[in-house]
Amino acid sequence: MFKPHVTVACIVQAEGELLVVEETVHGKATWNQPAGHLEADESLLEAASRELYEETGIQAEMEYFLGVQQWTAPDNTPFIRFLFAVDLPTRLPTQPQDSDIDRCWWLSPQQILTADRLRSPLVAESVRIWQSGVRYPLSLVRIYR
């Protein structure tokens with residue numbers, strides 16, 4: 001039975017820079033947006049805000065929806081990723097709560113797009129989507145309980 005991993009990710013922008021988290025995967029430092037898996041009894045928006053806090057220490061509500069991404073990892077793990085975003089007035093200090101996160105970086109979009117340490121191709125694609133100016137209302141993502 002096909003069961004893709006449902007994940008959320010958030011683009012966090014402040015002062016023209018984007019927030020990335022650094023984590024070590026298979027002995028290599030990699031960059032990703034704050035992201036993670038949807039948990040039971042949790043909405044996609046709740047998951048995005050939770051992951052942002054766990055991975056960066058920043059508490060913020062998502063402001064808009066950027067889209068859905070589908071990807072199959074090299075090990076054939078399928079992912080469906082819901083991409084959200086938030087614009088902060090200033091770059092906030094970070095304090096990861098998740099021990100898997102080594103550190104956080106505020107970087108220019110270009111630094112991310114040209115990096116050779118991205119966790120997946122979705123990281124750069126997410127930046128390109130954000131740069132395109134597409135913004136969808138959060139009302140597109142509804143939960144029915």
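Computed from a predicted model, the values in this text were never measured in an experiment. (Residues numbered from 1 in each chain as written. Predicted model: local features only at pLDDT ≥ 70, side-chain atom pairs only at ≥ 80, totals over all residues. Heavy atoms only, no water.)

Novice: Can you walk me through the packing of aromatic side chains in this structure?
Specialist: The way to describe two aromatic rings as a pair is by their centre distance and the angle between their planes. Inspection of the entire model under this criterion finds two aromatic pairs. Residues phenylalanine 65 and phenylalanine 84 carry aromatic rings whose centres are separated by 5.3 Å and whose planes lie at 50° to one another, so their mutual orientation is tilted. Of this pair, phenylalanine 65 sits in strand S5 (residues 64-72) while phenylalanine 84 is found in strand S6 (residues 78-88), placing the two residues 19 residues apart along the sequence. By relative accessible area, phenylalanine 65 is classed as buried at 8%. For phenylalanine 84, a relative accessible area of 0% corresponds to the buried category. (Phe/Tyr/Trp six-rings, centres within 6.5 Å; stacked < 30°, edge-to-face > 60°. Helix = DSSP H or I, 4+ residues; strand = E, 2+ residues; numbered from the N terminus. Buried < 20%, exposed > 50% of the residue type's maximum accessible area, 1.4 Å probe, protein only.)

Novice: Just to check I follow, could you spell out helix H3 (residues 121-131) for this structure?
Specialist: Helical geometry: 3.6 residues make up each α-helical turn, so side chains three or four residues apart lie on a common side. Those residues of H3 lying buried are Leu122, Val123, Ala124, Ser126, Val127, Ile129 and Trp130. Along its buried surface, H3 packs onto strand S1 (5-14), strand S2 (17-25), strand S3 (28-32), S5, S6 and helix H2 (109-113). Its side-chain oxygen 3.1 Å from the backbone nitrogen of leucine 122, serine 120 forms the N-cap of H3. (Contact = heavy atoms within 4.5 Å. Polar contact = N/O pair within 3.5 Å; in protein donor to acceptor, adjacent residues only side chain to side chain.)

Novice: Explain the layout of surface pockets here, please?
Specialist: If you roll a probe as big as a water molecule over the atoms, it shows you where there is empty space left. Here the largest pocket is characterised by a volume of approximately 680 Å³. In this structure, the largest pocket is lined by 28 residues; those nearest its centre are Glu23, Asn32, His37, Phe79 and Arg119. Secondary-structure elements contributing two or more residues to the lining of the largest pocket are S1, S2, S3, strand S4 (35-37), helix H1 (44-56) and S6. Considering only residue class, the lining of the largest pocket consists of 10 nonpolar, nine polar and nine charged. (1 Å grid on protein atoms, 1.4 Å probe; cavity = no way out; pocket = protein on both sides within 12 Å on 5 of 7 lines; lining within 4 Å. Points joined across faces, edges and corners; volume = space filled by probe spheres on them. Nonpolar A, V, L, I, M, F, W, Y, C, P; charged D, E, K, R; others polar.)

Novice: Quick question: what am I supposed to make of the pairing of S6 here?
Specialist: Both faces of the sheet carry side chains from a regular strand, because those side chains alternate between them. Across the 11 residues that make up S6, a large majority, 10, are buried. Two elements, S1 and S6, share 10 bridges in a ladder whose sense is parallel. Bridge pairing links cysteine 10 to phenylalanine 84 in S6. Bridge count between S5 and S6: eight bridges; the pairing is antiparallel. In the sheet register, tyrosine 64 faces S6, and the bridge partner there is alanine 85. Here S5 hands over to S6 after five residues, with asparagine 76 in that stretch at a positive phi of 75°. (Pairing = 2+ DSSP bridges.)

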